[in-house]
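Fold and contact review
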Amino acid sequence: MRDISILIADDEEEIADLIAIHLEKEGYHVMKVSNGQEAVRVVETQVFDLLILDIMMPKMDGYEVTRRIREQHNMPIIFLSAKTSDFDKVQGLVIGADDYMTKPFTPIELVARVNAQLRRFMKLNQHKTDTNNYTSVEYGGLVISPEQRTVTLYGESIELTPKEFDILYLLASHPKKVFSVESIFRQVWGEAYFEGANTVMVHVRTLRKKLEEDKRKDKWIKTVWGVGYTFNG
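Owing to the predicted nature of the structure, the values given are computational and were not obtained by experimental measurement.

**Describing the overall build of the chain**
- Summing up its helical and strand segments, the chain has eight helices and twelve strands in all.
- Here the chain holds 233 residues, and the buried ones make up 48% of them.
- Pairs at least 24 residues apart make up 57% of the contacts formed inside the chain by residues separated by at least 6 positions.
- Put simply, the chain shows about 12100 Å² of open surface, and 50% of that area lies on carbon and sulfur atoms.

Structure representation (structure tokens):
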């Protein structure tokens, strides 16, 4: 089994070195780059299992790096940024990041989050190898294909982030069943529920927008007030 490889993209050399020291102690193989363009380049030429990205980097910021990487790759991405506003956190998650930590940070917490993201991702990939566990879901004009991880709505492709797809497939696979926010977080993020309510709500809100629920009569995801969400199939 190959070593797990992690890419750190941060223009602050001391921070990148500190992260690398702690991750290497965990047995991970680590590569460091100092700007966004280099991060995109190395992801296209090498295999990484997880990315840790700063947002404010030279040549290309972390948001744009994530957009480009998400066009082809599905590994976990953790933002590590000095930007602390809720807007920045929400924007990072909507674009496709899996987690968001603010600077200053404690290395032990970052390592814990890295481990959690890798466990979730590897568990998800193990499930994907058993295609018998996955069946396409179709309701009206909405078609969800778990093997290809694609979604079409009335014949038009809908681009979803990995988390948005996982939430939609979870709900659509169990129509009318009500999932609590905690349950969604545990099943999609694969880790203990910890202040995940806002994270789930942000993803559901963006998912609804991409499904054009504000324009169409179809309301695929229904809010059950005080409980959670259900798929209105």
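Now that the structure has been shown, we can carry on.
**Quick look at the sheet that holds strand β10 (residues 179–180)**
- Across the sheet, which stays open at both edges, the three strands sit in the order β10-β12-β11 with antiparallel pairing between neighbours. A single partner strand is all that each edge strand has here, and the edge strands are β10 and β11 (221–224).
- Two elements, β10 and strand β12 (residues 228–231), share two bridges in a ladder whose sense is antiparallel. Looking across to β12, one finds that Phe179 is bridged to Tyr229.
- Taken strand by strand, helix α6 (residues 162–172) contacts β10, β11 and β12, and its axis lies near 70 degrees from that of β12.

**Brief notes about the sheet that holds strand β7 (residues 142–145)**
- One open sheet accounts for four strands, arranged β6-β7-β8-β9; its pairing is antiparallel. Because the sheet does not close on itself, it has two edges, and the strands there are β6 (137–139) and β9 (156–157).
- In the sheet, β6 pairs with β7 via three bridges, with the strands oriented antiparallel. From the neighbouring strand, Tyr139 faces β7, where its bridge partner is Leu142.
- Across the face of the sheet, α6 comes into contact with β6, β7 and β8 (150–153) while running at roughly 110 degrees to β7.

**Concerning the UniProt feature "modified residue: 4-aspartylphosphate" (unreviewed entry) in the chain**
- Per the UniProt annotation, the sites labelled "modified residue: 4-aspartylphosphate" (unreviewed entry) are Asp54.
- The topology assignment puts Asp54 in the loop between β3 (50–53) and α3 (62–70).
- By relative accessible area, which is 4% here, Asp54 ends up buried.
- Apart from residues lying up to four places away in sequence, Asp54 is in contact with Ala9, Asp10, Asp11, Gly62, Phe79, Leu80, Ser81 and Lys103.

**A word on the pairing of strand β4 (residues 77–81)**
- Burial analysis of β4 places five of its five residues in the buried class, which makes it a mostly covered element.
- Burial along β4 is two-sided: the face carrying Ile77, Phe79 and Ser81 and the face carrying Ile78 and Leu80 are both buried.
- Across three bridges, β3 lies against β4 in parallel orientation. Note that in β4 the partner of Leu51 across the bridge is Ile77.
- As for the winding sense of the linkage, the β-α-β connection from β3 through α3 to β4 is right-handed.
- Bridging between β4 and strand β5 (residues 99–102) involves four bridges; their strand directions are parallel.

**Things to note about the pattern of salt bridges**
- Going through the model one piece at a time under the given rule, you end up with 13 salt bridges.
- A salt bridge links Glu64 to Arg67; the nearest nitrogen and oxygen atoms lie 3.2 Å apart. Here Arg67 and Glu64 lie together in helix α3, a separation of three residues that amounts to about one turn.
- Classification of Arg67 by relative accessible area gives partly exposed; the value is 39%.
- When the shortest N-O distance is used, the salt bridge between Arg70 and Asp98 registers 2.9 Å.

**Things to note about helix α1 (residues 13–25)**
- Over its 13 residues, α1 runs 18 Å from end to end, which matches the ideal 18 Å to within 8%, given 1.5 Å per residue.
- Among all positions in α1, only Ile15, Ala16, Ile19, Ala20 and Leu23 are buried. The arc that holds the buried residues of α1, viewed along the axis, is 130 degrees, so those residues lie on one side. When the buried face of α1 is taken as reference, the exposed residues oriented beyond 90 degrees from it are Glu13, Glu14 and Lys25.
- Immediately downstream of α1, the backbone of Gly27 shows phi near 95 degrees, a positive value.

**Here we look at the side chain of Asp99**
- Looking at where Asp99 falls in the secondary structure, it is placed in strand β5.
- Residue classification places Asp99 among the buried residues on the basis of a relative accessible area of 13%.
- Within the structure, Asp99 has its side chain in polar contact with the side chain of Arg113 (distance 3.0 Å).
- With residues near it in sequence (within four places) discarded, Asp99 still touches Ile77, Ile78, Phe79, Leu93, Arg113 and Gln117.

What counts and how
Residues numbered from 1 in each chain as written. Predicted model: local features only at pLDDT ≥ 70, side-chain atom pairs only at ≥ 80, totals over all residues. Heavy atoms only, no water. Helix = DSSP H or I, 4+ residues; strand = E, 2+ residues; numbered from the N terminus. Buried < 20%, exposed > 50% of the residue type's maximum accessible area, 1.4 Å probe, protein only. Contact = heavy atoms within 4.5 Å. Areas by Shrake-Rupley, 256 points an atom, 1.4 Å probe, with all protein chains shown as cover. Pairing = 2+ DSSP bridges. Axes fitted to C-alpha atoms, helices over the stretch in contact; angles between N-to-C directions. UniProt positions renumbered as here; feature names shortened; annotations may be inferred. Right-handed = clockwise from strand over helix to strand, strands pointing away. Salt bridge = Lys/Arg side-chain N within 4 Å of Asp/Glu carboxyl O. Expected span 1.5 Å × (residues − 1). Arc of directions from axis to C-beta. Polar contact = N/O pair within 3.5 Å; in protein donor to acceptor, adjacent residues only side chain to side chain.

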